[in-house]
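Below are the chains, spelled out letter by letter.
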Amino acid sequence: MSDQTGIEIPAELPVLALRDLVVFPFMIAPIRVGRTKSIRAIEESLGHGRLIFLLTQKDPSVEDPEDEDLPVVGCIAMVMRMHRVGDGGMKVLVQGLMKGKRIKTCSNDPCMRVTFEEIEDIEPPEISEECQQVIDSMREKLDLFAADLQGPGTDTIMVLKGVQDPGRLADLTAAHLSLESSQAQEILEVIDPVERLKMVHKLLDLQLHKRQTKDRIEQATRSQMSRNQREYYLREQMRQIRRELGDQEEDDPIQELRDRVDMLDLPEEPALEVLKQIRRLEGLNAESTEAANLRSYLDWVCELPWNEHSDDKLDLAESEAILDADHYGLDDVKERILEYLSVRQKNPDLKGPILCLVGPPGVGKTSIGKSIARALGRRFQRISLGGMRDEAEIRGHRRTYVGAMPGRIIQAIKQAGTMNPVIMLDELDKVGSDFRGDPAAALLEVLDPEQNNAFRDHYINLPFDLSQVLFLANANLTDTIPRPLLDRLEMIRLAGYTANEKLQICRRYIVDRQAEQNGLDEHEIQFSNPAISALIEGYTREAGVRNLERQVGTVCRKVARRIVSKKVTSAKISPKALNRYLGPARFKSDPDLAGDSIGCCNGLAWTSVGGEVLVVEASMMKGKGNLILTGQLGDVMKESVRAALTFLRSHADEFGLDEAALEEKDLHIHVPAGAIPKDGPSAGVTMATAILSLLTNRPVRARLAMTGEITLRGRVMTIGGLKEKCLAALRLGIDTVLIPGGNAVDIAELPKEVRRKLIIHPCEDVRQVFGYAFGD
């Protein structure tokens, strides 16, 4: 066998397995040889005219390749030079002669030897027009290839451009491209020279495109870096020139930061950390994003009031006068604040209390916070927690995030400007949680006096003392507040206002405030006490005074319109005038209170908006002894009905009930306002009374209401929310209330007006309840 050069090629040759290199015909390539079989293959090639068969491994990691690890098609090459190196390996220079196809492996020791056959290209009869266009395009791209890719030298390019044979041009060009071994092997195995030329042309074009894109990116980067460096050098020159001239008009921002830190007199750990960050800032480019973020961080640290404290007003008389001037009632809250001031006089290092005001809407929980701050002489900040679901809102974001900022606690401290403000945590019971964390858990550290003296915000990441802050929280209910958080709070419960308290609040605060907001002076509008009472009883029914203020505002606006229209010059509001300004009264005495009724009984409930009176109705019809419950009753309330019915049936003889008749009739219990869900155990005695009234055909007193949980033995269990329930009964015109005997101690805490207007009977047993309900 002989190739085109006339060299005699034996039928059997040693194989040199290559890693990540494909040798093409006419290509000269240096190869570093280190494996034992590879060295023996080179040595044996010397006895075969220096010829060797080059095959590229499919997997370069295979150390001792077998037949299946090598492709079928390779290149027959001549070893042009070789010399040994110090580590026992060899460096050889080979030149590809022609392509060959492996037929059979003859031996594999001491090296692989194979028989093969020559692969000749499919020679076209003549170069087509399409092929010539590809050749011309290749020649144009080779010039760009040499310039952009720092590829072959000018002489090599000239040689390549002078090659007319498409197969040879493809092989030589592919030899100078940075191709993966799989791509190069695919090209080597293509027999059609025109097709092979098109493949190489496409790969050359792709590499040129990648290089041009990379050059554009690098050029833009270099341009930006050059501009930044130029600005930096100019600023440095300007700074040196000013220094030489003694011009100090423009301060050094780094030195300004150092001066601010010195003035703050920071504790040791924050001071060391801030100085460390300032040194980092000095080494950064002033225009970089990191420098901007670091300057923002340092500004936050320097703007915090590390050593600023407001002086407390320790004059109890003055503080009490301020609290009384701003709010009517709320004696428990005022008493606790005055106790705090008293102890501060004895112990100046006393930590701030953490109070939680719990009560229905509109009773002044939020506004009392501002009044407390004014009484103490402190700054006031309010943080709304309603709907908050992200823990970072409390602790802040870590500085690694884009747009990071401190949490709401640190922000409030900064806005207050002192270390001991009054911070109101509004709507604590409305805090939620999701995948971003639980804000209530983050508040555990904030509201713990033993931990908050070294509170760490994620953004500031420095210990900050919150122990001097007076935290006030407010909520409508405590059910949704986590138990560990509830344990850290000092609870103060605020019930609704009585009618007399609302009258005083309206006269002292609401009328004047609404008149001023609507542009009226004290001579243009006057409310009589009977008008205010009619407004409270006929147009509002709430625990607080928020809706009352709205109604007063409505009257003021209508009066202002009549004055502007020249219809009147002033207005005196009487009960009769309310009908003109507000229309008919919306709330009247409940029709059920007009007379005693059978199977109908008034119960008392406690909700997040105050107390409510619930009417329980019982009816009986022919059936099979079924119990029907309607009115959106919860599971606990349904169980109370069953417990009451079981007690009555088990004592049927005592109450004169016909047990057999009960099994032939269905009993239906309904609680009106069916669209509103209802639950709780305190309606047990009400259910029992309504059922017994129906079964014995005895009417229940209309102006009597009751509350209490019933047991199967007839005991009346203690309930909560007694004050709210009694206020609800009073608002509706009820004169007698039956309560559990265990709640008798709570009667003393009821307002005097409630105790004066209501007859309250504590009952230990449900039989006592029946006695008062039926009037016997």
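Got a minute to help me understand the overall build of the chain in this structure?
The number of helices and strands found in the chain is 27 helices and 24 strands. Relative to its length of 776 residues, the chain is extended, with a C-alpha radius of gyration of 47 Å against a globular reference of 28 Å. Seen through its C-alpha atoms, the chain measures out along the principal axes to roughly 135 × 95 × 60 Å. For the chain, buried positions account for 46% of its 776 residues.

Explain the pattern of salt bridges here, please?
Side chains bearing opposite charge may pair, as long as their charged atoms lie close to each other. The final tally for this structure, using the stated rule, is 30 salt bridges. Two residues, Glu 63 and Arg 19, come together in a salt bridge whose shortest N-O distance is 3.1 Å. Of this pair, Glu 63 sits in the loop between strand 3 (51-56) and strand 4 (73-84) while Arg 19 is found in the loop between strand 1 (12-18) and strand 2 (28-33), placing the two residues 44 residues apart along the sequence. Given a relative accessible area of 35%, Arg 19 falls into the partly exposed group. One salt bridge in this structure joins Glu 654 and Arg 767, with 2.7 Å as the shortest N-O distance. Taken together, the residues Glu 654 in helix 22 (residues 652-655) and Arg 767 in helix 27 (residues 766-774) connect sequence positions 113 residues apart. Given the relative accessible area of 31%, Arg 767 is considered partly exposed. The network of salt bridges with common partners includes Glu 12, Glu 44 and Arg 113.

How do you make sense of the pairing of strand 12 (residues 470-475) when you look at a structure like this?
In regular strands, side chains alternate between the two faces of the sheet. Within strand 12, 6 of the 6 residues are buried, leaving the element largely enclosed by the surrounding structure. Burial along strand 12 is two-sided: the face carrying Leu 470, Leu 472 and Asn 474 and the face carrying Phe 471, Ala 473 and Ala 475 are both buried. As judged from the 5 bridges shared by strand 7 (residues 354-358) and strand 12, these two strands associate in the parallel manner. Of the residues in strand 12, the one forming a bridge with Leu 355 is Leu 472. Of the pairings in the sheet, the one linking strand 9 (residues 422-426) to strand 12 comprises 4 bridges and is parallel in character. If you follow Met 424 over to strand 12, its bridge partner there is Leu 472.

What counts, and at which threshold
Residues numbered from 1 in each chain as written. Predicted model: local features only at pLDDT ≥ 70, side-chain atom pairs only at ≥ 80, totals over all residues. Heavy atoms only, no water. Helix = DSSP H or I, 4+ residues; strand = E, 2+ residues; numbered from the N terminus. Rg over C-alpha atoms; globule rule 2.2 N^0.38 Å. Buried < 20%, exposed > 50% of the residue type's maximum accessible area, 1.4 Å probe, protein only. Salt bridge = Lys/Arg side-chain N within 4 Å of Asp/Glu carboxyl O. Pairing = 2+ DSSP bridges.

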